[in-house]
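If you want the building blocks of each chain, they are given just below.
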Amino acid sequence: MYLYNSATRKKQEFTTHIPGRVEMYTCGPTVYHFAHIGNLRSYIMEDVLEKFLRWDGYDVNRVMNITDVGHLSGDSDEGEDKMLLGARREHKSVMEIAQYYTDAFFADCAKLNIKTPDAVQPATGLIPEFITMVQGLLDKGYAYVAGGNVYFDTSKLTRYHIFFDHDEEDLAVGVREGVEEDQNKRNKNDFVLWFTKSKFEDQALKWDSPWGVGYPGWHIECSCISLKYNGEYLDLHCGGIDNAFPHHTNEIAQSESYLGHPWCPQWFHVHHLVTPEGKMSKSKGKALILTTLEEEGYDPLAYRFFCLQSHYRKALVFTWENLDNAQGAYHKLIARIAALAPGDGEVDQAVLQTQREKFRKAMGNDLNTSLGVTALYDALKVKANDETKLAILGDLDKVLSLSLLEKAAAKRAEDAKVKAVAATTGGITVTGEGDPAIDALVLQRAQAKKAKNFAEADRIRDELKAQGIEIADTKDGAVWKRV
Ligand code: AMP
Ligand code: ZN
């Protein structure tokens, strides 16, 4: 596979330290609020990457942290702890907030068919290991204590900035206005490894350490968690583009200084979901969450489909109209698959292999998911029986995870039910919430209409309206809903 590598700014052949095995790390969510749909875009694209690697024959070990301590409201060690802000906002303890939003995050992931990583580690569960790494960095001369905090000394590195081809605006996220300079820092880019002195006295989570009671800086968790679960050599590191600086830059500084050798050669960064007004941001509180999309009548998988239609290295503009179009296309695709007849013959293995190769080429070219989606439509057009088409769709969906076969089977079953009802009611279909009393009235009205007894039909419509029921006549029959 060829993958763009942010560290070299080139599309390169994907390689691994141990042939056939991928050690993969993903920066997880900061659990002080719901993940917004921009965050979820990053996790959807990383999920597709992981699944494509598995589909392509790799054995993948994927690790993710949960940031439940240490992430200050500014990415550069300034502001208040995001978790503390969340706890104060909701009058709960920090750990209650962490548990609630961690559960909410994985519930969203499940709805979006995002696989849970092989290892998930909350930062608060690994404090002794963080302390060991910070001590190691001090012992090796890469860190210093000042004003009670431990800092990483970036002047000890031959190269600090690894990623510098990012949009100005993305980089600016880490450098917020109105920030006070930390006078303890010897160099502008130095960052905190361990806080004991902070601007806020009521930090809820504190641990004893050789430097005093305090808590870890944000970046140390990813270096440490990756070392514990992925080992000393990481093959692939993922995150949203705003993580590139300072977070990933600092992870590299810590890990390579601690380990004494190169750490992770390949970096995968997902660009932002934006709105026409600008970036979607959790901390600014103006972010859309998955539940809102559901409340507005959207299937979470229609959002996944929307994300897959564009390339991960381009900003993706979210509008309701764009999502509407994606949902329409997704439903049409399911309907076309539902129209196929399973079990109409043997799978044509040659055709299946040809389509697999086409898909591999598209996705293997820097994860071109929009061409991956096109391959689904190609599958519907191949010269083969329906069983072969379904086999191709099922195979490609192991990577795209749009629940295509399951949704098509459900639609087939639903259509069959509607047809069966139609057969028992003289060709008139009634669909609604399945309330027999209302179904009977709707049916009577339809029969009256068929018999051209419009006065009776109108009377029944009015009777139903009085009960809060609205009827629509569709080509498939009468459909009712409560209003
Ligand atoms: P956070 O919970 O803020 O630590 O972010 C979780 C993940 O979402 C990180 O990988 C971020 O880089 C990523 N992210 C943040 N904002 C966006 C956005 N608007 N679009 C896509 N990814 C984002
Ligand atoms: Zn991280």
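Residues numbered from 1 in each chain as written. Chains lettered and ligands numbered in written order. Predicted model: local features only at pLDDT ≥ 70, side-chain atom pairs only at ≥ 80, totals over all residues.

Please give an account of the overall build of the protein chain that cites residues and values.
Helix and strand counts for the protein chain come out as 16 helices and 17 strands. Counting the 483 residues in the protein chain, one finds 40% classified as buried. (Helix = DSSP H or I, 4+ residues; strand = E, 2+ residues; numbered from the N terminus. Buried ≥ 20, exposed ≤ 12 C-beta atoms within 10 Å, placed from the backbone.)

I'd like to hear about the sheet that holds strand S8 (residues 191-195), residue by residue, with values.
Spatially, 4 strands are ordered S6-S7-S8-S9 in an open sheet, and the strand pairing comes out antiparallel. Each edge of the open sheet carries a strand with a single partner, namely strand S6 (143-146) and strand S9 (215-216). Where strand S7 (residues 149-152) lies against S8, 3 bridges are found, and the strand directions are antiparallel. Note on S8: the bridge partner recorded for Phe 152 is Phe 191. (Pairing = 2+ DSSP bridges.)

Lay out the site of ligand 1 in plain terms, naming residues and giving numbers.
Around ligand 1 lies a shell of 18 residues, among which Gly 38, Asn 39, Ser 42, Gly 240 and His 272 are the nearest. For the shell around ligand 1, the elements supplying multiple residues, two or more each, are helix H1 (37-55) and strand S10 (236-240). The biggest single contributor to the shell around ligand 1 is H1, with 4 residues. Across the shell around ligand 1, the residue classes tally to 5 nonpolar, 9 polar and 4 charged. (Near = placed C-beta within 6 Å. Nonpolar A, V, L, I, M, F, W, Y, C, P; charged D, E, K, R; others polar.)

Please set out helix H10 (residues 320-338) residue by residue, giving values where relevant.
Here H10 spans 26 Å end to end across 19 residues, near enough to the 27 Å set by a 1.5 Å rise per residue. Of all the positions in H10, only Ala 326, Tyr 330, Leu 333, Ile 334 and Ile 337 are classed as buried. Down the axis of H10, the sector holding all buried residues measures 100°, keeping them to one side. Pointing more than 90 degrees away from the buried face of H10 are the exposed residues Trp 320, Glu 321, Gly 328 and Lys 332. (Expected span 1.5 Å × (residues − 1). Arc of directions from axis to C-beta.)

I'd love a proper account of the pairing of strand S2 (residues 10-13), names of residues and values included.
Note: strand S1 (residues 2-5) against S2, 4 bridges, orientation antiparallel. Residue pairing in the sheet places Leu 3 in a bridge with Gln 12 of S2. As consecutive antiparallel partners, S1 and S2 are separated by 4 residues, and within that stretch Arg 9 has a phi angle of approximately 60°, a positive value.

Please give an account of the environment of Ala 204 that cites residues and values.
Relative to the helices and strands, Ala 204 resides in the loop between S8 and S9. On a C-alpha basis, the gap between Ala 204 and Asp 81 in space is 9.8 Å, while along the polypeptide they are 123 residues apart. Apart from the residues within four sequence positions on either side, Ala 204 is in contact with Leu 84, Ala 87, Ser 93 and Val 94. (Contact = placed C-beta atoms within 7 Å.)

Report on the packing of helix H11 (residues 349-363) against helix H13 (residues 386-400), specifying residues and quantitative values.
With their axes 10 Å apart at the nearest point, H11 and H13 run at an angle of 30° to one another. Accordingly, the angle class assigned to the pair H11 and H13 is roughly parallel. In the crossing of H11 with H13, the sense of the turn from one axis to the other is right-handed. Residues Val 351, Leu 352, Gln 355, Arg 356, Phe 359 and Met 363 of H11 form the contact with H13, whose own contacting residues are Thr 388, Ala 391, Ile 392, Asp 395, Leu 396 and Val 399. (Axes fitted to C-alpha atoms, helices over the stretch in contact; angles between N-to-C directions. Parallel < 35°, antiparallel > 145°, perpendicular 65-115°, else oblique. Left-handed = near helix turned anticlockwise from the far one by under 90°.)

Outline the sheet that holds S10, supporting the account with residue identities and numerical values.
Strand order in the open sheet formed by 5 strands is S5-S4-S3-S10-S11, with parallel pairing between adjacent strands. Two strands bound the open sheet, and with one partner strand each, they are strand S5 (119-122) and strand S11 (266-270). Ignoring strand direction, the axes of neighbouring strands in this sheet form an average angle of 20°. Summarising the sheet, S10 and S11 pair through 5 bridges and their orientation is parallel.

Hey, could you go over the packing of helix H6 (residues 220-230) against helix H7 (residues 244-259) for me, with residue numbers and the actual values?
Here H6 crosses H7 at 50°, and the two axes come no closer than 8 Å. Judged by the inter-axis angle, H6 sits oblique to H7. Crossing geometry of H6 relative to H7 is assigned as right-handed. Facing Ile 220, Cys 222 and Ser 223 of H6, the residues of H7 in contact are Glu 251, Gln 254 and Ser 255. For the contact of H6 with H7, the per-class residue count stands at 2 nonpolar, 3 polar and 1 charged.

Account for the environment of Leu 137, with residues named and values stated.
For Leu 137, the position within the fold is in helix H4 (residues 127-139). When the C-alpha positions of Leu 137 and Leu 193 are compared, they lie 9.4 Å apart, and in sequence the two are 56 residues distant. Leu 137 has contacts with Tyr 142, Ala 143, Phe 152, Leu 193, Gln 254, Ser 257 and Tyr 258, leaving out every residue within four places of it along the chain.

Describe the nonpolar core, naming the residues involved and giving the relevant values.
Of all hydrophobic cores here, the largest spans 110 residues; its most connected members are Val 48, Val 134, Leu 193 and Leu 396. Ranked by the residues each element gives to this core, the list is headed by H1, at 9 residues. Counting only domains with at least three residues in this core, you end up with domain 1 (2-270) and domain 2 (318-406). The contacts of Val 48, once residues within four sequence positions are left out, are Leu 308, Leu 367, Thr 369, Val 399 and Leu 400. Counting residues in hydrophobic clusters, the runner-up holds 5 residues, among them Leu 441, Val 442, Ile 471 and Trp 480. (Core = buried A, V, L, I, M, F, W, Y, C linked by C-beta atoms within 7 Å. Domains from an automatic or database assignment.)

Run through the pairing of strand S4 (residues 59-66), naming residues and quoting values.
Extensive coverage of S4 is indicated by the burial of 6 of its 8 residues. Sheet topology places strand S3 (residues 21-26) next to S4; 6 bridges connect them, and they run parallel. Counted as the bridge partner of Glu 23 is Asn 61 from S4. With H1 bridging S3 and the parallel S4, this β-α-β connection has right-handed handedness. (Right-handed = clockwise from strand over helix to strand, strands pointing away.)

Describe the environment of Ala 7, with residues and values.
Mapped onto the secondary structure, Ala 7 falls in the loop between S1 and S2. Residue class for Ala 7 comes out partly exposed when judged on the 17 C-beta atoms lying within 10 Å of it. With 155 residues separating them along the chain, Ala 7 and Ile 162 place their C-alpha atoms 5.9 Å apart. Beyond its immediate sequence surroundings of up to four residues, Ala 7 is in contact with Ile 162, Phe 163, Pro 265 and Trp 267.

I'd like a description of unusual backbone geometry, backed by residues and values.
With the exception of glycine, the majority of residues adopt a negative phi angle, and the majority of peptide bonds are in the trans configuration. With an omega of 0°, the peptide bond between Phe 245 and Pro 246 qualifies as cis. The phi torsion at Arg 9 lies on the positive side, around 60°, for a residue other than glycine. Tracing the chain through its elements places Arg 9 in the loop between S1 and S2. For Arg 9, a count of 11 C-beta atoms within 10 Å gives the class exposed.

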